[in-house]
Amino acid sequence: MTDLFANESLRASAGTGKTFQLTNRYMRLLLGGETPDSILASTFTRKAAGEIKTRVLTRLADAMLDDAKLEQLAEHTGNPDVTRETIGELLKTLTSCLHRMQITTLDGFFAQLVRAFALELGLSPSWGTLSDVQLSGLKTETIAQMLDGYQTDTASDMFRMLTRGDAGRSVSDLIINAVSPIYQVFLDSSESIWDIPYATEPIAEEEQKSLLKELSTVELPSDKRIVKKVNDDVALLTDKNWREFGKSGLLGKILKDEEKYYGKEIPPVLASLYRRFGEQVQLTLIEELAGINDATHKLVRDYADIFTTLKQNANGLSFADVTRILKELTHQQTGESIAFRCDSNIKHLLLDEFQDTSLDQWRALEPIAARTAGNTSAALFCVGDTKQAIYGWRGG
């Protein structure tokens, strides 16, 4: 018989039978004497999980009725000595304990774990996972409460900073667009990541005047275009229009350490003055980004506080909440404690569509997978197709 507990990963393209191989491995473990509740077979959707369970039962039933199917099953499971009697007993076992077959989605398995540890996690025993419709309604209510709680001046300043003066979007859209991409990052990070360091000090008013005076008297190359550019830049600097000065073609050349402008040598003193003013441009842009950063931080923090409260009031969690909670829980618990709470003893992990496992999901699953991979009487089996990864399409 093929090694029952060999760890294996299988990468193949769509339509090449990856899920078929997973069901083979599942049945090989069952025929080798492993119990249904000791095997966790996970996939990406509940529909796919149902199809895997149906395939297992159907292939076993077909093997009971057809010699050719029996022979194929023996070959595909690496068990040449399998008999109808063995399959019959296995079918009887499975059909009497379908509820103990751990063929599910990772989200479903994670929800099961959180329910088992609800007391330690401070959750009500009756908590449930919130549907997309429920979450959408809570998000709408979150935004409404945020807007009700903001003072007019505070809200105006914050939204002006976020839009950079572009008032073409609705306030609700602005909040959603600002919060959605960073909400999970905010939940998983510390406050310190929102601090933006300042690399330079602002140029004092007196130094600015001195530098401008010096810039106005620099001897320039005899080229009207250069003279005009410097004069235009002096006007921008006089008005403290740092953003527009930052777009200066001459400044760009100097910051790239180029020595010529319009084919003429750039005087070293001119380059030195431009570099100093360039530091002020950098500081101005950093201050602007810091303002946007602070406004975004306040927005996502307020959103998270209200959204969390509303979910608590609804006695529910999103699947993302469940996964995030488990990242800590599974690292703190032993395999034995998890098995005891879940009334099962999961030894084997069979992971379908593994390429669609998110980083958070893997972090929650990793301690269990590590224990499985390190156990000589347990099996870790993963199948997937990197070309079909949804996180690859999203830039992950």
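Residues numbered from 1 in each chain as written. Predicted model: local features only at pLDDT ≥ 70, side-chain atom pairs only at ≥ 80, totals over all residues. Heavy atoms only, no water.

Visitor: Help me out: how do you make sense of unusual backbone geometry in this one?
Guide: Trans peptide bonds make up the majority, and among non-glycine residues the majority have a negative phi. Within the chain, Tyr-262 stands out as a residue other than glycine whose phi angle is a positive 55°. You can see Tyr-262 is positioned in the loop between strand 5 (260-261) and strand 6 (264-265). Although it is not a glycine, Glu-353 sits at a positive phi angle of roughly 50°. Of note, Glu-353 is situated in the loop between strand 8 (348-351) and helix 17 (359-373). (Helix = DSSP H or I, 4+ residues; strand = E, 2+ residues; numbered from the N terminus.)

Visitor: Any chance you could explain the environment of Gly-384 here in plain terms?
Guide: Topologically, Gly-384 is positioned in strand 9 (residues 380-384). Through-space distance from the C-alpha of Gly-384 to that of Ser-13 is 7.9 Å; in sequence the pair is 371 residues apart. Residue contacts for Gly-384: discarding those within four places in its chain leaves Leu-10, Arg-11, Ala-12, Lys-18, Phe-354 and Gln-355. (Contact = heavy atoms within 4.5 Å.)

Visitor: What am I meant to see in the packing of aromatic side chains here?
Guide: The geometry of an aromatic ring pair is captured by the separation of the ring centres together with the interplanar angle, meaning the angle of the planes. Tallied over the entire structure, the rule returns 10 aromatic pairs. A ring pair is formed by Tyr-183 and Tyr-303, whose centres lie 5.4 Å apart and whose planes are at 85°; its orientation type is edge-to-face. Here Tyr-183, found in helix 9 (residues 183-188), pairs with Tyr-303, found in helix 14 (residues 268-313); they are 120 residues apart in sequence, far enough to count as distant. Classification of Tyr-303 by relative accessible area gives buried; the value is 4%. (Phe/Tyr/Trp six-rings, centres within 6.5 Å; stacked < 30°, edge-to-face > 60°. Buried < 20%, exposed > 50% of the residue type's maximum accessible area, 1.4 Å probe, protein only.)

Visitor: Please explain the side chain of Ser-248 as it appears in this structure.
Guide: Structurally, the position occupied by Ser-248 is in the loop between helix 12 (242-245) and helix 13 (249-255). A distance of 3.3 Å separates the side chain of Ser-248 from the backbone nitrogen of Leu-250, its partner in a polar contact. (Polar contact = N/O pair within 3.5 Å; in protein donor to acceptor, adjacent residues only side chain to side chain.)

Visitor: Can you walk me through the sheet that holds strand 1 (residues 8-11) in this structure?
Guide: Pairing between sheet strands relies on hydrogen bonds along the backbone, with the strands arranged either parallel or antiparallel. As summarised here, the arrangement of the 5 strands in space is 1-9-8-2-3, forming an open sheet in which the pairing is parallel. Among the strands making up the open sheet, the edge pair consists of strand 1 and strand 3 (103-105). Each adjacent strand pair in this sheet contributes to an overall mean axis angle of 15°, direction not counted. Pairing geometry for strand 2 (residues 39-43) and strand 8, over 4 bridges, is parallel. Note on strand 8: the bridge partner recorded for Ala-41 is Leu-350. Where helix 2 (residues 46-65) meets the sheet, its contacts fall on strand 2 and strand 3, and the angle it forms with strand 3 comes to roughly 170°. Across the sheet, helix 5 (residues 106-116) is in contact with strand 2 and strand 3; its angle to strand 3 comes to roughly 95°. (Pairing = 2+ DSSP bridges. Axes fitted to C-alpha atoms, helices over the stretch in contact; angles between N-to-C directions.)

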